[in-house]
Amino acid sequence: MDGQYLVSGTGSGDVKVWDTGCWAEAAKLKGLRREEPKALVISPAQRWLVACYGSVLHIFQCSPPWKLIQSLPATLDPATKEAAEWSCISFSPMAEVDHPGGHTGQDNHLAAFSTAHLCVMDYSGGWGHDCMARRTRSLMQSAKPTCLAYTACGWGVIFGFESGQLQG
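These lines cover the structure that appears in this document, whether it is placed above or below.

Another aspect to go through is the sheet that holds strand E5 (residues 48-52). Pairing is antiparallel across the open sheet formed by four strands, whose spatial order is E4-E5-E6-E7. Each having just a single partner strand, strand E4 (39-42) and strand E7 (68-73) make up the two edges of the open sheet. Across the sheet, the axes of successive neighbouring strands diverge by a mean angle of 15°, strand direction being ignored. Judged from the four bridges that link them, E4 and E5 form a sheet pairing that is antiparallel. The residue of E5 that forms the bridge with Leu40 is Ala51.

Printed below as a string of structure tokens:
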């Protein structure tokens, strides 16, 4: 599947999948009305496509029929009790375990950065409620988060803020 598809977000909130062999639209995934995706990431084994919107993460199967598997709403900000906003996401670069035969904790991680928390989700057992048993950590509140990346080894996470500050 490497290089077979290109994904792009639209202003209407949808995600378009393009077939790079003929540059035709292969699929149109329904997103959130009037909420543009902030980030689109594909898992290392190209099994999952995650669309990051401010209010929700949409997890799609990364092959036809591009089924929506799970929607994960943003967490509550403990200080204000209002919904935080998802800002950016990143998959761990480590090799994915085939989740039907895998066990939780085998390096299948998605990090999601909201305005209030960093959440690391273990999806090695699939995207059901088990992945919701995620690790979270409150982060500095002085600037809006803008980017998130795993280190090459997959054990560290670096994130940046609109102020230019980096934290890891």
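Still more ground to cover, so stick around.
This part covers the pattern of salt bridges. Counted by the stated rule, this structure contains four salt bridges. Lys30 is paired through a salt bridge with Asp14; the nearest N and O atoms lie 3.9 Å apart. In this pair, Lys30 sits in the loop between strand E3 (24-29) and E4 while Asp14 sits in the loop between strand E1 (5-9) and strand E2 (15-19), placing the two residues 16 residues apart along the sequence. With relative accessibility at 7%, the residue Asp14 sits in the buried group. A salt bridge links Glu25 to Lys16, with the nearest nitrogen and oxygen atoms 3.4 Å apart. Among the charged side chains, a salt-bridge network with shared partners connects Asp14, Lys28 and Lys30.

Turning our eyes to something else, we now look at the pairing of E5. Along E5, five of the five residues are buried, which leaves the element largely enclosed by surrounding structure. Linkage of E4 to E5, two consecutive antiparallel strands, is achieved through a turn of five residues, within which Gln46 is found at a positive phi near 60°. Summarising the sheet, E5 and strand E6 (residues 56-61) pair through five bridges and their orientation is antiparallel. The partner of Cys52 across the bridge, within E6, is Leu57.

This next bit is on unusual backbone geometry. Here the amide bond leading from Pro64 into Pro65 is cis, since omega sits at 10°, within 30 degrees of zero. Here Pro65 lies in the loop between E6 and E7. In this structure, Trp23 takes a positive phi of about 55° despite not being glycine. Looking at where Trp23 falls in the secondary structure, it is placed in the loop between E2 and E3.

Next up on the list: the sheet that holds E2. On the basis of which strands lie adjacent, the open sheet formed by three strands has the order E1-E2-E3 and antiparallel pairing. The open sheet has two edge strands with one neighbour each: E1 and E3. Geometrically, the sheet is characterised by an average inter-axis angle of 25° between neighbouring strands, direction not taken into account. Where E2 lies against E3, five bridges are found, and the strand directions are antiparallel. Pairing of Trp18 across the sheet is with Glu25, part of E3.

Structurally, Lys38 can be placed in the loop between E3 and E4. Counting along the chain gives 15 residues from Lys38 to Tyr53, while the straight-line C-alpha distance between them is 5.6 Å. Leaving out residues up to four positions away in the same chain, Lys38 has contacts with Cys52, Tyr53, Gly54, Glu85, Trp86, Ser87 and Lys144. Only 2.4 Å separates the side chain of Lys38 from the side chain of Glu85, close enough to count as a polar contact.

So, on to the nonpolar core. For soluble globular proteins, the rule of thumb is that nonpolar side chains tend to be buried together. Core analysis: the biggest nonpolar cluster contains 18 residues, and Val50, Leu57, Ile89, Phe91 and Leu110 have the highest contact counts within it. For this core, the secondary-structure elements that each account for two or more residues are E4, E5, E6, strand E8 (86-91), strand E9 (109-114) and strand E10 (117-122). Each residue touching Leu110, except ones within four places of it in the same chain, is listed here: Val41, Val50, Leu57, Ile89, Ser90, Phe91, Cys119, Val120, Met121, Tyr123, Trp127 and Tyr150. Ranked by size, the runner-up nonpolar core spans 12 residues in total, among them Ala27, Leu49, Ala51 and Tyr53.

Calculation criteria
- Residues numbered from 1 in each chain as written.
- Predicted model: local features only at pLDDT ≥ 70, side-chain atom pairs only at ≥ 80, totals over all residues.
- Heavy atoms only, no water.
- Pairing = 2+ DSSP bridges.
- Helix = DSSP H or I, 4+ residues; strand = E, 2+ residues; numbered from the N terminus.
- Axes fitted to C-alpha atoms, helices over the stretch in contact; angles between N-to-C directions.
- Salt bridge = Lys/Arg side-chain N within 4 Å of Asp/Glu carboxyl O.
- Buried < 20%, exposed > 50% of the residue type's maximum accessible area, 1.4 Å probe, protein only.
- Contact = heavy atoms within 4.5 Å.
- Polar contact = N/O pair within 3.5 Å; in protein donor to acceptor, adjacent residues only side chain to side chain.
- Core = buried A, V, L, I, M, F, W, Y, C linked by side-chain atoms within 4.5 Å.

Honestly, that's just the spatial picture; any functional story needs more than this.
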